[in-house]
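# Understanding the architecture of this molecule
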Amino acid sequence: RNLSKSDAESAIMKASNYYVENSYGKTWMTGDVFGEYALPINVTCDQYWIITEALKLADADVYFPNYSQVMIIVPADGCGWSGSGTIGDTSVLTLDGTVKVGISWINWTSNTISIYKRPLLVIGHELGHNFSNWHAGYYFCQTSNAVDYCFIDFYDDRYDIMGNRNAWHFNA
């Protein structure tokens, strides 16, 4: 199903509510939804090409200096990624000049972002990157034949949204 403007606004509001709760009311999101725009290709999984082309298409409609975050939501079915985000801000050349923004791109058609699944997890996770957060991992040890085996999984802390499992609070 195609993403409607109200679907996008609802998903972003859920992410905003998550950040309000996590920050004790110090971080929230407001913004505008622009588009829908048709990329000049039928299918691609190249995330950077998608960003570049989407920004070009929206450039005439968006005054980028008014925004600190840009989220691009695309249907990229079969690409193997749910989303991605810049770590902090990045410089983007627009018709309005060069602006520094955090950019997230969200694959709305993947299994993890479908309106019926977990949009908060993916959107909240990618915005976490824009706020300069890296992935949250965990250190796991087990004993086998009296020998300790330990490893670090850099992307699987199930108690932190940056661990890609649940939309729970950030670790301290």
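Our subject is the structure listed above.
Below or above, wherever it landed, is the structure these notes cover. Since the structure is predicted, the reported quantities are computational estimates derived from the model, not experimental observations. (Residues numbered from 1 in each chain as written. Predicted model: local features only at pLDDT ≥ 70, side-chain atom pairs only at ≥ 80, totals over all residues. Heavy atoms only, no water.)

## Considering unusual backbone geometry
Put simply, the rule reads: Relative accessibility thresholds used throughout: buried, under 20% of the residue-type maximum; exposed, over 50%; partly exposed, between the two (1.4 Å probe, protein chains only).
The backbone phi angle of Y24 is positive, close to 55°, even though this residue is not glycine. Looking at Y24, the relative accessible area reads 75%, which means it is exposed.

## Remarks on a nonpolar patch on the surface
Under the convention used in this document: Like-charged residues are merged into a patch within 9 Å and nonpolar side chains (Val, Leu, Ile, Met, Phe, Trp, Tyr) within 5 Å, provided each residue has over 30% relative accessible area and no salt bridge. Areas reported here follow the Shrake-Rupley algorithm with a probe of radius 1.4 Å; residue values treat only the protein chains shown as occluding. We define a salt bridge as a side-chain nitrogen of Lys or Arg found within 4 Å of a carboxyl oxygen belonging to Asp or Glu. Labels follow the DSSP assignment, with helices taken as runs of H or I lasting at least four residues and strands as runs of E lasting at least two, numbered in each case from the N terminus.
On the surface, Y139, I152, F154 and Y155 cluster together into a nonpolar patch covering about 480 Å² of accessible area. With respect to the helices, strands and loops of the structure, F154 is situated in the segment after β6 (147-153).

## Considerations on the pattern of salt bridges
This model, assessed by the stated rule, comprises 1 salt bridge. The salt bridge involving E53 is made with K56; its shortest N-O contact spans 3.2 Å. Here the residue E53 and the residue K56 both occupy positions in helix α2 (residues 47-58), the gap between them amounting to 3 residues, near one helical turn.

## A look at the nonpolar core
For the record, the criterion: Only buried residues count toward a nonpolar core, which is a set of Ala, Val, Leu, Ile, Met, Phe, Trp, Tyr and Cys residues joined through side-chain atoms within 4.5 Å.
Counting 19 residues, the largest nonpolar core has L55, V70, I72, W81 and I103 as the members making the most contacts within it. Secondary structure elements with two or more residues in this core: α2, β1 (69-74) and β4 (97-107). Take this core: its biggest share by element is 5 residues, from α2.

## Observations regarding the side chain of D59
What counts, and what does not: Polar contacts, as counted here, are pairs of nitrogen or oxygen atoms within 3.5 Å of one another; within protein the pair requires one atom able to donate a hydrogen and one able to accept it, and residues that are adjacent in sequence qualify only if both atoms are side-chain atoms. When checking whether two residues touch, look at their non-hydrogen atoms; a contact exists if any pair is within 4.5 Å.
With respect to the helices, strands and loops of the structure, D59 is situated in the loop between α2 and β1. Engagement of the side chain of D59 in a polar contact is seen with the backbone nitrogen of L95, the distance being 2.8 Å. Aside from chain neighbours lying at most four places away, what touches D59 is F64, T94, L95 and D96.

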